[in-house]
Amino acid sequence: MFRMNASLFHKLHTLLVNTYSLESSIYMNSLESLAIFLLICWHGTSVSSLHSIFKHSGETISREFDDVLTCFVSMCEDYVIKAY
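Report follows, based on the coordinates.

How each quantity is defined
- Residues numbered from 1 in each chain as written.
- Predicted model: local features only at pLDDT ≥ 70, side-chain atom pairs only at ≥ 80, totals over all residues.
- Heavy atoms only, no water.
- Helix = DSSP H or I, 4+ residues; strand = E, 2+ residues; numbered from the N terminus.
- Expected span 1.5 Å × (residues − 1).
- Buried < 20%, exposed > 50% of the residue type's maximum accessible area, 1.4 Å probe, protein only.
- Arc of directions from axis to C-beta.
- Contact = heavy atoms within 4.5 Å.
- Polar contact = N/O pair within 3.5 Å; in protein donor to acceptor, adjacent residues only side chain to side chain.
- Core = buried A, V, L, I, M, F, W, Y, C linked by side-chain atoms within 4.5 Å.

**Some points on helix α1 (residues 6-20)**
Here is step 1 of the chain: For α1, spanning 15 residues, the distance from its first C-alpha to its last is 20 Å, which sits close to the expected 21 Å at 1.5 Å a residue.
Here is step 2 of the chain: Within the sequence span of α1, burial applies to Phe-9, Leu-12, His-13, Leu-16 and Tyr-20. Taken end-on, α1 shows its buried residues confined to a sector of 100 degrees, consistent with a single buried face. Set apart from the buried face of α1 by more than 90 degrees, the exposed residues are Lys-11 and Asn-18.
Here is step 3 of the chain: Where α1 is buried, its residues contact α2 (30-43) and α4 (58-81).
Here is step 4 of the chain: You can read the cap of α1 off the contacts: a side-chain oxygen lies 3.2 Å from the backbone nitrogen of Ser-7, and it is on Asn-5.
Here is step 5 of the chain: Positive backbone phi, approximately 65 degrees, marks Ser-21, located one or two places after α1.

See the structure below:
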């Protein structure tokens, strides 16, 4: 579903939590936030479609997406920008 196996998904989650401060919120846990982020980025899934799947408001989905995106930007700064 995420174009990666479960092991890689969990390793990515662990990296984002331990190194880039991805956190669960009172609205959603961090695994679910990462899953939503991947569905939006890799499948182009709309927020309204995710609302019906995950049963969260569009505002919650957008906020959590932004939190994961912030972690990915920090990770890219370490892996991509510093490589040059």
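**Some details on the nonpolar core**
Here is step 1 of the chain: Among the nonpolar cores identified, the biggest contains 21 residues, and Leu-12, Leu-16, Leu-34 and Phe-72 are the most heavily contacted of them.
Here is step 2 of the chain: Those elements that place two or more of their residues in this core are α1, α2 and α4.
Here is step 3 of the chain: Discounting chain neighbours no more than four positions away, the residues touching Leu-12 are Met-4, Leu-34, Phe-72 and Met-75.

These values are about where atoms sit, not about what they do.
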